[in-house]
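Take a look at the letters that make up each chain.
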Amino acid sequence: MTTTTAVSTGVAVRLENVSRRFGDLQALDGLDLDMSPGELVALLGPSGCGKTTALRILAGLEDADSGRILVGGKDIANVPVNRRDMGMVFQAYSLFPHLTAVENVEFGLRLRRQSAAARRRRARDMLDLVGIGTHADHYPQQLSGGQQQRVALARALAIQPQVLLLDEPLSALDAKVRIQLRDEIRRIQLEVGTTTLFVTHDQEEALALADRVGVMRAGRLEQIGSPEDIYRSPATGFVAEFVGLSNRFAGHVKDGGVEVLDTRLPLMNPGAVSSGPATALVRPESVEVTADPAGAGRVVAVSFLGPLSRVTVTLPDDTLVVAQVSSARLADLPPGTAVRVTLLPVPVVVSAA
Ligand SMILES: Nc1ncnc2c1ncn2[C@@H]1O[C@H](COP(=O)(O)OP(=O)(O)OP(=O)(O)O)[C@@H](O)[C@H]1O
């Protein structure tokens, strides 16, 4: 989806060289992260890379061993959780079962000195904002998972937090609701303009939602950038493989390029391998397959995915190559077809073979 961003300049949140160890395990290892006011940053990475720990340290639910956490320029190390002014939504629905939707939202407002009527009004406004105003008097067990997460979001936003923290808030929902709510979260976040950290292991979710995606590996940021940067210009092999699908080809690096399948491709990360054998990571959309009786490849599988589909081809050395093709061309490429495989001369990421 297309989004307009409400990000302004300056730093709203800064994690500076933050480390945290659990026993022998270094969960965070000198993590640095800056977030601009109004920005939505998604932390993306494999299980165990430290995403949740980073979020919990920012929330004050976990202490850092070292490093600094600044919100609005102030070090918040000694500020307890309930005074950090952060709204949180977690994966598991965390609503009170004995309170209605509107009472759940009001609950977070109790600590604020407001009249009961003002609290009720604000809670109802928040439920309207998240599109569930008509369910204000329902109890959690009368609501679907997606509706419960909307209430949790309304509750997190009701206090007008400085920072919104979302930890896998969509992962318990089924695919269709997940996409709907994902788009809604972005709409609402742009509307309220709250600086937001969104933790997920789902790359599509991160790319679709975020102003910037931070890819984490082993307790630090491997790369942070716009969704397009992360996808089109991955800084390392890890990012290229973790975000999106890549073909792995044996190639040879020489004079600042890599030779793959008789094509010379420019390098995205020229420093990674100076010369010699290397693995080149090539996106399916950079692979072209053409039916050709003299071609060395054979189509082995076809996956219809809507307007664009995937065709898997095997080469004589048993390399499997996945290409993205327009679905209109599938009729010419049934399994068994002999094909020629060519690569578009776009920059690729290489790693040592
Ligand atoms: N309280 C704890 N005690 C011991 N180990 C912990 C604790 N919290 C986290 N860890 C470990 O620290 C590492 C980082 O955990 P964290 O939950 O931050 O990862 P994550 O990237 O969010 O992963 P996931 O997507 O699986 O939640 C993991 O190996 C985890 O087992």
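Residues numbered from 1 in each chain as written. Predicted model: local features only at pLDDT ≥ 70, side-chain atom pairs only at ≥ 80, totals over all residues.

Caption draft 1: Geometry of the environment of Ile185. Structurally, the position occupied by Ile185 is in helix 5 (residues 175-192). Here the alpha-carbon distance between Ile185 and Arg150, two residues 35 residues apart in the chain, equals 8.8 Å. In this structure Ile185 touches Leu153 and Leu209, once residues within four positions along its chain are discounted. (Helix = DSSP H or I, 4+ residues; strand = E, 2+ residues; numbered from the N terminus. Contact = placed C-beta atoms within 7 Å.)

Caption draft 2: Geometry of the site of the ligand. Around the ligand sit Phe22, Leu25, Ala27, Gly45, Ser47, Gly48, Cys49, Gly50, Lys51, Thr52, Thr53 and His201, and those are all the residues in its vicinity. Those elements giving two or more residues to the shell around the ligand turn out to be strand 2 (25-35) and helix 1 (51-59). Ranked by the residues each element gives to the shell around the ligand, the list is headed by helix 1, at 3 residues. A breakdown of the residues in the shell around the ligand according to their chemical character gives 4 nonpolar, 7 polar and 1 charged. (Near = placed C-beta within 6 Å. Nonpolar A, V, L, I, M, F, W, Y, C, P; charged D, E, K, R; others polar.)

Caption draft 3: Representation of the environment of Ala250 within the structure. With respect to the helices and strands, Ala250 occurs in strand 11 (residues 247-254). For the pair formed by Ala250 and Val215, sequence separation is 35 residues and the distance between their alpha carbons is 25 Å. If we ignore the near neighbours within four places in the chain, the residues touching Ala250 are Pro277, Thr279 and Ala353.

Caption draft 4: Focus on the UniProt feature "domain: ABC transporter" (unreviewed entry) in the chain. According to UniProt, the "domain: ABC transporter" (unreviewed entry) feature falls on residues 13-243. The span residues 13-243 carries 35% helix and 26% strand; its end-to-end C-alpha distance comes to 25 Å. (UniProt positions renumbered as here; feature names shortened; annotations may be inferred.)

Caption draft 5: Expanded view of the pairing of strand 18 (residues 320-326). Side chains Val321, Ala323 and Val325 of strand 18 all project onto a buried face; the interleaved residues Leu320, Val322, Gln324 and Ser326 project onto a face where none is buried. Between strand 17 (residues 308-314) and strand 18, which pair antiparallel in sequence order, lie 5 residues; one of them, Asp318, sits at a positive phi of approximately 75°. (Buried ≥ 20, exposed ≤ 12 C-beta atoms within 10 Å, placed from the backbone. Pairing = 2+ DSSP bridges.)

Caption draft 6: Molecular detail of the nonpolar core. If you look at the biggest cluster of nonpolar residues, it comprises 90 residues, and the most contacted ones within it are Ala42, Leu127, Leu197 and Ala280. When residues in this core are grouped by element, the largest group, 7 residues, is from helix 4 (residues 145-158). If we skip the residues at most four places from it in the chain, Ala42 touches Phe198, Thr200, Ala206, Leu209, Ala210 and Val213. (Core = buried A, V, L, I, M, F, W, Y, C linked by C-beta atoms within 7 Å.)

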